[in-house]
Amino acid sequence: MGGEMVTPEEAQGDDVVLAWEGRDVVAVRLPHLSESLDHILAELERRHGMPLAELDRKTKQSVVRILETRGAFSVRHGVETVAGALGVSRFTVYNYINAQEEKRAKKRRGEG
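Since we're looking at a predicted model, the values are computed, not measured.

What exactly am I supposed to notice about the environment of H39 here?
Mapped onto the secondary structure, H39 falls in helix α1 (residues 33-48). Separated by 68 residues in sequence, H39 and K107 have C-alpha atoms that sit 32 Å apart.

Structure, rendered in C-alpha coordinates:
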(Lines give C-alpha, C1' and ligand atoms only; values in the text may rest on other atoms or scores of the structure.)
Protein backbone atom coordinates (compact mmCIF):
# COMPACT_ATOMS: atom_id res chain seq x y z
CA MET A 1 0.00 0.00 0.00
CA GLY A 2 2.99 2.27 -0.14
CA GLY A 3 3.74 2.68 3.56
CA GLU A 4 7.16 3.73 4.80
CA MET A 5 9.09 2.47 7.82
CA VAL A 6 10.70 5.05 10.09
CA THR A 7 12.37 4.87 13.48
CA PRO A 8 10.07 5.23 16.49
CA GLU A 9 11.81 8.54 17.29
CA GLU A 10 10.78 9.90 13.87
CA ALA A 11 7.13 8.88 14.34
CA GLN A 12 4.56 11.61 13.80
CA GLY A 13 0.89 11.96 14.72
CA ASP A 14 -0.68 9.47 12.28
CA ASP A 15 2.20 6.98 12.20
CA VAL A 16 1.67 3.52 13.66
CA VAL A 17 4.36 2.56 16.17
CA LEU A 18 4.95 -1.17 16.51
CA ALA A 19 6.37 -2.65 19.70
CA TRP A 20 8.06 -5.98 20.39
CA GLU A 21 8.30 -7.25 23.94
CA GLY A 22 7.40 -3.84 25.34
CA ARG A 23 9.93 -1.91 23.26
CA ASP A 24 9.05 0.35 20.29
CA VAL A 25 10.96 -1.07 17.31
CA VAL A 26 9.57 0.61 14.19
CA ALA A 27 6.98 3.09 13.07
CA VAL A 28 4.95 2.77 9.90
CA ARG A 29 4.00 5.91 8.03
CA LEU A 30 0.93 5.22 5.94
CA PRO A 31 0.45 7.17 2.72
CA HIS A 32 -2.54 9.40 2.13
CA LEU A 33 -5.56 7.34 1.17
CA SER A 34 -5.59 8.72 -2.38
CA GLU A 35 -2.01 7.44 -2.89
CA SER A 36 -3.05 4.09 -1.43
CA LEU A 37 -5.80 3.78 -4.02
CA ASP A 38 -3.21 3.94 -6.80
CA HIS A 39 -1.19 1.23 -5.04
CA ILE A 40 -4.27 -0.96 -4.58
CA LEU A 41 -5.23 -0.60 -8.25
CA ALA A 42 -1.68 -1.48 -9.32
CA GLU A 43 -1.71 -4.55 -7.06
CA LEU A 44 -5.06 -5.69 -8.48
CA GLU A 45 -3.64 -5.35 -12.00
CA ARG A 46 -0.63 -7.47 -11.01
CA ARG A 47 -2.90 -10.03 -9.37
CA HIS A 48 -5.07 -10.33 -12.50
CA GLY A 49 -2.10 -10.20 -14.86
CA MET A 50 -3.62 -7.58 -17.13
CA PRO A 51 -4.92 -4.02 -17.13
CA LEU A 52 -8.16 -3.80 -15.15
CA ALA A 53 -9.91 -2.32 -18.19
CA GLU A 54 -9.42 -5.66 -20.00
CA LEU A 55 -11.21 -7.73 -17.33
CA ASP A 56 -14.65 -9.16 -18.01
CA ARG A 57 -17.73 -7.61 -16.41
CA LYS A 58 -18.02 -10.12 -13.57
CA THR A 59 -14.38 -9.69 -12.60
CA LYS A 60 -14.73 -5.90 -12.71
CA GLN A 61 -17.66 -6.21 -10.32
CA SER A 62 -15.47 -8.30 -8.04
CA VAL A 63 -12.74 -5.64 -8.19
CA VAL A 64 -15.28 -2.96 -7.23
CA ARG A 65 -16.40 -5.13 -4.30
CA ILE A 66 -12.79 -5.46 -3.09
CA LEU A 67 -12.19 -1.73 -3.50
CA GLU A 68 -15.39 -0.90 -1.64
CA THR A 69 -14.31 -3.02 1.33
CA ARG A 70 -10.95 -1.28 1.36
CA GLY A 71 -12.54 2.17 1.46
CA ALA A 72 -11.65 3.26 -2.07
CA PHE A 73 -14.86 5.18 -2.52
CA SER A 74 -14.43 7.29 0.58
CA VAL A 75 -11.51 9.08 -1.12
CA ARG A 76 -12.15 12.22 -3.08
CA HIS A 77 -12.51 11.26 -6.77
CA GLY A 78 -12.34 7.57 -5.83
CA VAL A 79 -15.21 6.58 -8.11
CA GLU A 80 -13.70 8.52 -11.01
CA THR A 81 -10.26 6.99 -10.44
CA VAL A 82 -11.67 3.45 -10.30
CA ALA A 83 -13.91 4.05 -13.33
CA GLY A 84 -10.89 5.21 -15.32
CA ALA A 85 -8.83 2.18 -14.28
CA LEU A 86 -11.67 -0.21 -15.17
CA GLY A 87 -12.45 1.55 -18.46
CA VAL A 88 -16.09 2.10 -17.49
CA SER A 89 -18.21 5.11 -16.62
CA ARG A 90 -18.77 6.44 -13.11
CA PHE A 91 -22.41 5.43 -13.57
CA THR A 92 -21.31 1.81 -14.11
CA VAL A 93 -19.19 1.84 -10.95
CA TYR A 94 -22.16 3.21 -8.99
CA ASN A 95 -24.33 0.45 -10.48
CA TYR A 96 -21.82 -2.19 -9.34
CA ILE A 97 -21.77 -0.68 -5.83
CA ASN A 98 -25.59 -0.48 -5.67
CA ALA A 99 -25.99 -4.06 -6.91
CA GLN A 100 -23.65 -5.25 -4.17
CA GLU A 101 -25.56 -3.28 -1.55
CA GLU A 102 -28.83 -4.85 -2.80
CA LYS A 103 -27.34 -8.33 -2.36
CA ARG A 104 -26.27 -7.49 1.21
CA ALA A 105 -29.72 -6.07 2.02
CA LYS A 106 -31.46 -9.20 0.69
CA LYS A 107 -29.12 -11.39 2.72
CA ARG A 108 -29.93 -9.40 5.88
CA ARG A 109 -33.65 -9.86 5.19
CA GLY A 110 -33.10 -13.59 4.70
CA GLU A 111 -33.99 -13.52 1.01
CA GLY A 112 -30.73 -14.73 -0.40
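Now that the structure is up, let's keep going.
What should I look at first to understand helix α2 (residues 57-69) in this one?
For an α-helix, 3.6 residues make a turn, and residues three or four places apart therefore share a direction. Helix length check: α2, at 13 residues, gives a terminal C-alpha distance of 19 Å against a target of 18 Å (1.5 Å per residue), a fit within 8%. When we look at burial in α2, the residues that qualify are K60, V63, V64 and L67. End-on view of α2: buried residues confined to an arc of 100°, all on one side of the axis. Turned more than 90 degrees away from the buried face of α2, the exposed residues are K58 and T69.

Looking at this structure, I do not really get the pairing of strand β3 (residues 23-29). What am I missing?
Consecutive side chains along a regular strand alternate between the two faces of the sheet. Across 3 bridges, the pairing between strand β1 (residues 4-6) and β3 is antiparallel. Bridge pairing in β3 links E4 to R29. Note: strand β2 (residues 16-20) against β3, 5 bridges, orientation antiparallel. Across the sheet, residue L18 finds its bridge partner in β3, namely V26. In this antiparallel pair of consecutive strands, β2 and β3, the connection spans 2 residues, and E21 shows a positive phi of 50°.

Looking at this structure, how should I read the UniProt feature "domain: Transcriptional regulator DauR-like HTH" (unreviewed entry) in the protein?
Mapped onto the present numbering, the UniProt feature "domain: Transcriptional regulator DauR-like HTH" (unreviewed entry) falls at residues 37-98. Strand forms 0% of residues 37-98 and helix 69%; the C-alpha atoms that close the span are 20 Å apart.

Can you help me understand the packing of helix α3 (residues 78-86) against helix α4 (residues 90-109) in this one?
The relative placement of two packed helices is expressed as an angle between their axes plus a distance between the axes. Two elements in contact, α3 and α4, have axes whose closest approach is 8 Å; the angle formed by their N-to-C orientations is 105°. As judged from the angle between their axes, α3 and α4 are roughly perpendicular. Mapping the contact onto sequence places V79, E80, V82 and A83 in α3 and R90, V93 and Y94 in α4. In terms of residue class, the contact of α3 with α4 is made up of 5 nonpolar, no polar and 2 charged.

Help me understand the pattern of salt bridges, please; the structure alone is not making it clear to me.
Pairing is possible between side chains of opposite charge, provided their charged atoms come close. With the rule as written, the count across this model stands at 6 salt bridges. A salt bridge links E68 to R104; its shortest N-O distance comes to 3.2 Å. With E68 in helix α2 and R104 in helix α4, this residue pair connects regions lying 36 residues apart in the sequence. One salt bridge connects R90 with E80, and the closest N-O pair in it is separated by 3.8 Å. Taken together, the residues span a long stretch of sequence, with R90 in helix α4 and E80 in helix α3 at a distance of 10 residues. R90 gets classed as partly exposed once you look at its relative accessible area, which sits at 46%. E80 gets classed as partly exposed once you look at its relative accessible area, which sits at 34%.

Parameters and conventions
- Residues numbered from 1 in each chain as written.
- Predicted model: local features only at pLDDT ≥ 70, side-chain atom pairs only at ≥ 80, totals over all residues.
- Heavy atoms only, no water.
- Helix = DSSP H or I, 4+ residues; strand = E, 2+ residues; numbered from the N terminus.
- Expected span 1.5 Å × (residues − 1).
- Buried < 20%, exposed > 50% of the residue type's maximum accessible area, 1.4 Å probe, protein only.
- Arc of directions from axis to C-beta.
- Pairing = 2+ DSSP bridges.
- UniProt positions renumbered as here; feature names shortened; annotations may be inferred.
- Axes fitted to C-alpha atoms, helices over the stretch in contact; angles between N-to-C directions.
- Parallel < 35°, antiparallel > 145°, perpendicular 65-115°, else oblique.
- Contact = heavy atoms within 4.5 Å.
- Nonpolar A, V, L, I, M, F, W, Y, C, P; charged D, E, K, R; others polar.
- Salt bridge = Lys/Arg side-chain N within 4 Å of Asp/Glu carboxyl O.

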